[in-house]
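Structural description and commentary
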Amino acid sequence: MSTPVTEVVTGAGGPRKAVSERAQHLRLVVASGLIMASTVTWRQGDYYSGGVDPTVVAKGLLGILAAVVAYLALRDAPQRRHVRLSVPVYLVAYGAISLMGAWATGALLVASGVLLARLGLLAFTVFCLVRVFEPLDVLRTFGFWLAGVTAVAALTGTTAGSLRSGADRLIGGIPPLLPNEIAQLCGLCVLLLLWHDLNRRARARDGAALLGLLAVLWLSGSRTTLVFLVVGVALLVVQSRRLGTGVVVVVLALVPVAFYLGFGTNVAQNYLERGGSANIGSLSQRTVAWSAALHLHHGFWQVAFGNGLARTSIPVVAKYRTSQILDSTWISALVQTGLIGLVVLACWALQTVRNVWRTPGDLRSLYLALAVLVLGLSFLESGTIGASALFVVYLVLGLTAGPPQDVAATPPALHVIFARRPVARKVSKVAPV
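Residues numbered from 1 in each chain as written. Predicted model: local features only at pLDDT ≥ 70, side-chain atom pairs only at ≥ 80, totals over all residues. Heavy atoms only, no water.

Thoughts on the overall build of the chain
Secondary structure assignment for the chain yields 16 helices and seven strands. By residue count, 44% of the 433 residues in the chain fall in the buried class. At a minimum sequence separation of 6, the contacts of the chain that also span at least 24 residues come to 76%. If you sum the accessible surface of the chain, you get close to 22,000 Å²; carbon and sulfur atoms cover 67% of it. (Helix = DSSP H or I, 4+ residues; strand = E, 2+ residues; numbered from the N terminus. Buried < 20%, exposed > 50% of the residue type's maximum accessible area, 1.4 Å probe, protein only. Contact = heavy atoms within 4.5 Å. Areas by Shrake-Rupley, 256 points an atom, 1.4 Å probe, with all protein chains shown as cover.)

Considerations on a nonpolar patch on the surface
Together, Met100, Trp103, Leu109, Val110, Val114, Phe300 and Trp301 give the surface a local cluster of nonpolar side chains, amounting to about 720 Å² of exposed area. Among the secondary structure elements, those contributing two or more residues to the nonpolar patch are helix H3 (86-105), helix H4 (109-132) and helix H12 (300-305). A total of three residues in the nonpolar patch trace back to one element, the largest contributor, which is H4. Among the structural elements, tryptophan 103 can be located in helix H3. Given a relative accessible area of 57%, tryptophan 103 falls into the exposed group. (Patch = residues over 30% accessible without salt bridge, like charges linked within 9 Å, V, L, I, M, F, W, Y side chains within 5 Å. Salt bridge = Lys/Arg side-chain N within 4 Å of Asp/Glu carboxyl O.)

Describing the nonpolar core
If you look at the biggest cluster of nonpolar residues, it comprises 95 residues, and the most contacted ones within it are Leu188, Trp348 and Leu370. Ranked by the residues each element gives to this core, the list is headed by helix H6 (residues 179-199), at 13 residues. Beyond its immediate chain neighbours, meaning those up to four positions away, tryptophan 348 contacts Val87, Tyr90, Leu91, Ile385, Phe391, Tyr394 and Leu395. One finds Ala293, Leu296, Ile314 and Val316 within the second-largest nonpolar core, a separate group that totals nine residues. (Core = buried A, V, L, I, M, F, W, Y, C linked by side-chain atoms within 4.5 Å.)

As for the packing of H6 against helix H8 (residues 223-239)
Contact geometry for H6 and H8: axes closest at 10 Å, N-to-C directions at 10°. It follows that H6 is roughly parallel to H8 by the angle criterion. Packed against H6, whose contacting residues are Ala183, Gln184, Gly187, Val190, Leu191, Leu194, Trp195 and Leu198, the element H8 presents Thr225, Leu229, Gly232, Val233, Leu236 and Val237 at the interface. Split into classes, the residues belonging to the contact of H6 with H8 amount to ten nonpolar, four polar and no charged. (Axes fitted to C-alpha atoms, helices over the stretch in contact; angles between N-to-C directions. Parallel < 35°, antiparallel > 145°, perpendicular 65-115°, else oblique. Nonpolar A, V, L, I, M, F, W, Y, C, P; charged D, E, K, R; others polar.)

Quick notes on the state of the cysteines
Tallied over the entire structure, the rule returns zero disulfides. A disulfide-free cysteine, cysteine 189 has its sulfur positioned 6.6 Å from the sulfur of cysteine 186, the nearest such atom. Residue cysteine 189 is classed as buried on the basis of its relative accessible area of 5%. (Disulfide = S-S within 2.5 Å.)

Notes on the packing of aromatic side chains
All chains considered together, the criterion is met by six aromatic pairs. Here phenylalanine 144 and tryptophan 145 contribute two aromatic rings whose centre-to-centre distance is 5.8 Å and whose plane-to-plane angle is 75°, an arrangement assigned as edge-to-face. You can call phenylalanine 144 exposed: its relative accessible area is 57%. Through pairs of rings, three or more aromatic residues link up here, namely Tyr90, Trp348 and Tyr394. (Phe/Tyr/Trp six-rings, centres within 6.5 Å; stacked < 30°, edge-to-face > 60°.)

Overview of unusual backbone geometry
Omega for the peptide link from isoleucine 174 to proline 175 comes to -5°, which places this bond in the cis form. Mapped onto the fold, proline 175 is located in the loop between helix H5 (135-159) and H6.

Topic: the side chain of threonine 224
You can see threonine 224 is positioned in helix H8. The residues contacting threonine 224, other than those within four sequence positions of it, are Leu377, Leu380 and Glu381.

Quick look at the environment of glycine 221
The topology assignment puts glycine 221 in the loop between helix H7 (204-220) and H8. Judged by its relative accessible area of 4%, glycine 221 is buried. Remark: the alpha-carbon pair of glycine 221 and asparagine 180, spanning 41 residues in sequence, is separated by 7.9 Å.

Looking at the confidence of the model for the chain
For the chain, the mean per-residue pLDDT works out to 81, and 76% of the residues sit at or above 70. Confidence, read as mean pLDDT per element, is least for strand E1 (residues 6-9) in the chain (38) and greatest for helix H15 (residues 389-400) (96). Scored below 50 in pLDDT, residues 1-15 makes 34 contacts in the model with residues more than four places away or belonging to other chains. (pLDDT = per-residue confidence, 0-100.)

Thoughts on the pattern of salt bridges
Throughout the structure, instances matching the rule amount to five salt bridges. For the salt bridge of aspartate 76 with arginine 27, the shortest nitrogen-to-oxygen distance reads 2.9 Å. You can see aspartate 76 sitting in the loop between helix H2 (54-75) and strand E3 (79-81) and its partner arginine 27 sitting in helix H1 (residues 21-39), a full 49 residues away along the chain. With respect to class, aspartate 76 is no different from arginine 27; both count as buried. A salt bridge links arginine 75 to aspartate 76, with the nearest nitrogen and oxygen atoms 3.0 Å apart. What you see here is one network of salt bridges that share partners, running through Arg27, Arg75 and Asp76.

Remarks on the environment of alanine 387
Counting through the fold element by element, alanine 387 comes out in the loop between helix H14 (363-380) and H15. Residue class for alanine 387 comes out partly exposed when judged on its relative accessible area of 24%. Between the C-alpha atoms of alanine 387 and arginine 118, which are 269 residues apart in sequence, the distance is 7.3 Å. Apart from residues lying up to four places away in sequence, alanine 387 is in contact with Thr39, Arg118, Leu119 and Leu122.

What about the environment of aspartate 53?
With respect to the element layout, aspartate 53 can be found in the loop between H1 and H2. Of note is the side chain of aspartate 53, whose polar atom sits 3.2 Å from the side chain of arginine 43. Among the polar contacts listed, one links the side chain of aspartate 53 to the backbone nitrogen of valine 56, at a separation of 2.9 Å. (Polar contact = N/O pair within 3.5 Å; in protein donor to acceptor, adjacent residues only side chain to side chain.)

Describing the packing of H1 against H4
The N-to-C vectors of H1 and H4 enclose an angle of 155°; their axes lie 11 Å apart at closest approach. The angle between H1 and H4 falls in the class roughly antiparallel. As for how H1 packs across H4, the hand of that crossing is left-handed. Listed contacts from H4 to Gln24, Leu28, Ala31, Ile35, Ser38 and Thr39 of H1 are Arg118, Leu122, Thr125, Val126, Leu129 and Val132. Classifying every residue of the contact of H1 with H4 gives seven nonpolar, four polar and one charged. (Left-handed = near helix turned anticlockwise from the far one by under 90°.)

Written out as structure tokens, the structure is:
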């Protein structure tokens, strides 16, 4: 008979017992749920420009709680995974540039600082999670919450009459997600679920979930998300190494169906021409905003550093409106951080794509598909750099993509930076009796 081995980790805080794997997994689930709750839209068409209200406070507290839970998981992890430290460097540089631009404008400095603090808190939370857990586990857990929020928003939106006549695009009820936001969440969920079915084990319930997600995506009317999702799905199928017989049969059966719907009916045409003349107006609104953004800044400081993260709308000269919300990550970067911030963002994106391409094994196909969706949407929609689900996925890709790195033994977090001497980790064993 022997006494069980007790693992004791000694650090600046004294000895403590190792946390069970189940408790760590629970922390991952809770932290992912809190991230989802703090990034999802609570109020439609509301953009932070300063001040404090119950929504801002509540989201801030949820973000802090998520960071605390993730830090506890990191502190108690017996081992930690290496991550790409270039991502925090890019984020710090991007934030510093935005603060310099906000300082020049004066009125947006406090609001931009609050938004930057929120981005930093979210990045810290994701950083802690990917250092403890497998990247795939982080993505799947976050995808679970994405699917749940999407389902609730779609069901409550439909029953609440959000499918209005004349504007036949699904709008979420609880939470009040806009059609494009619903489509983005659906696209991420579809890629995660399809990759699992292609590379792990396909289940009947996954097929039902995929059909439901595609139906919600179709009702959202988002053409941009659909186009990049099709490209991402094609990448998954082409790069899959384990196409089962059932998957091959389904793919082959869908080819003539897709061909018939695309060329034998008006379904695809009606979807792409959604809104009739408004379809052209939507593109015109974007080009008007982009043109205004290119001619917005004057003087070296504004051209180089922008106006700060709180600058979410710009003045335009158009019919029936004098201002417009920015709707592209790259145009937003130009307005908020100037040319220097735009260069930093481009270097960040290029390095992410390079690392994604160098990711080994089956995970590369998933990373490529997610990168195509996230970066593709960044050109026409905002969210790649901001408190959103797209930003969370983008952080995971940037931190974990690339050739594999060794798992490092861990002293407690933060003590690595501030400790004067290495923090010891020892295991005490009791001799059998």
